[in-house]
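# Architecture at a glance
Residue-level listing of the chains:
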Amino acid sequence: MQNGQNGPNGQLKLVVIIASDSDAERLTKKLVEQGYPATKISSTGGFLRKGNATILSGVEAAEVDQIVAMVRLECYARTEYVPVQTLPFFGEGSVLQEPIEVRVGGAIVFVLDVERFEKT
């Protein structure tokens, strides 16, 4: 790919993946092993206030389905029990004392069109 141009078919995509830290580590490794570019940025989830990672990957449109398939394999949803006091909608001083079951893991994937690509 040349600077300022999209790929051979003109359809470059930016895949933005938001995943839990534990899932993102495995996913980033798989992406790189398969030859896909991956930039991992640390982030924090708003609901559970736990560590997340945002992974950015610029790929050809034809490669998006392969990336999404890898996300499905590496970033799966599961449940955990967390102290009620750590959840923003209950907060400190809550009368509930038992841990609550919440869904964690999985991923959110955004696929964006890239108008222009520059590499310096």
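About the cut-offs
- Residues numbered from 1 in each chain as written.
- Predicted model: local features only at pLDDT ≥ 70, side-chain atom pairs only at ≥ 80, totals over all residues.
- Heavy atoms only, no water.
- Helix = DSSP H or I, 4+ residues; strand = E, 2+ residues; numbered from the N terminus.
- Buried < 20%, exposed > 50% of the residue type's maximum accessible area, 1.4 Å probe, protein only.
- Contact = heavy atoms within 4.5 Å.
- Areas by Shrake-Rupley, 256 points an atom, 1.4 Å probe, with all protein chains shown as cover.
- Salt bridge = Lys/Arg side-chain N within 4 Å of Asp/Glu carboxyl O.
- Core = buried A, V, L, I, M, F, W, Y, C linked by side-chain atoms within 4.5 Å.
- Expected span 1.5 Å × (residues − 1).
- Arc of directions from axis to C-beta.
- pLDDT = per-residue confidence, 0-100.

## Concerning the overall build of the protein chain
- Along its length, the protein chain carries two helices and six strands.
- Each helix and strand of the protein chain, placed in order from N terminus to C terminus, yields the pattern β-α-β-β-α-β-β-β.
- Relative to its 120 residues, the protein chain shows a buried fraction of 33%.
- Long-range pairs, those at least 24 residues apart, make up 69% of the contacts in the protein chain with a sequence separation of at least 6.
- Put simply, the protein chain shows about 7800 Å² of open surface, and 52% of that area lies on carbon and sulfur atoms.

## Things to note about the pattern of salt bridges
- This model, assessed by the stated rule, comprises five salt bridges.
- A salt bridge links Glu-118 to Arg-116; the nearest nitrogen and oxygen atoms lie 2.7 Å apart.
- Through salt bridges with shared partners, one network takes in Asp-23, Arg-26 and Glu-74.

## Quick word on the nonpolar core
- One finds Ile-17, Leu-27, Leu-31 and Ile-67 to be the most contacted residues of the largest nonpolar core, which totals 16 residues.
- Listing elements by their share of this core, those giving two or more residues are β1 (12–20), α1 (21–33), β3 (51–60) and α2 (64–74).
- Among the elements that line this core, the one with the most residues is α2, at five residues.
- Non-local contacts of Ile-17, meaning those with residues more than four positions away in its chain, are made with Leu-27, Ala-53, Thr-54, Ile-55, Ile-67, Val-71, Ala-107, Ile-108 and Val-109.

## Some thoughts on α1
- For α1, built from 13 residues, the straight-helix expectation of 18 Å at 1.5 Å per residue is met to within 8% by its first-to-last C-alpha distance of 18 Å.
- Where α1 is concerned, the buried positions are Asp-23, Ala-24, Leu-27, Thr-28 and Leu-31. Around the axis of α1, the buried residues are gathered within 130 degrees of arc, so they sit on the same side. Exposed positions of α1 whose direction lies more than 90 degrees from the buried face are Lys-29 and Glu-33.

## Section: the confidence of the model for the protein chain
- Residues of the protein chain with pLDDT of at least 70 account for 72%, and the chain-wide mean is 81.
- Mean pLDDT values for the elements of the protein chain range from 72 in strand β5 (residues 100–105) up to 96 in α2.

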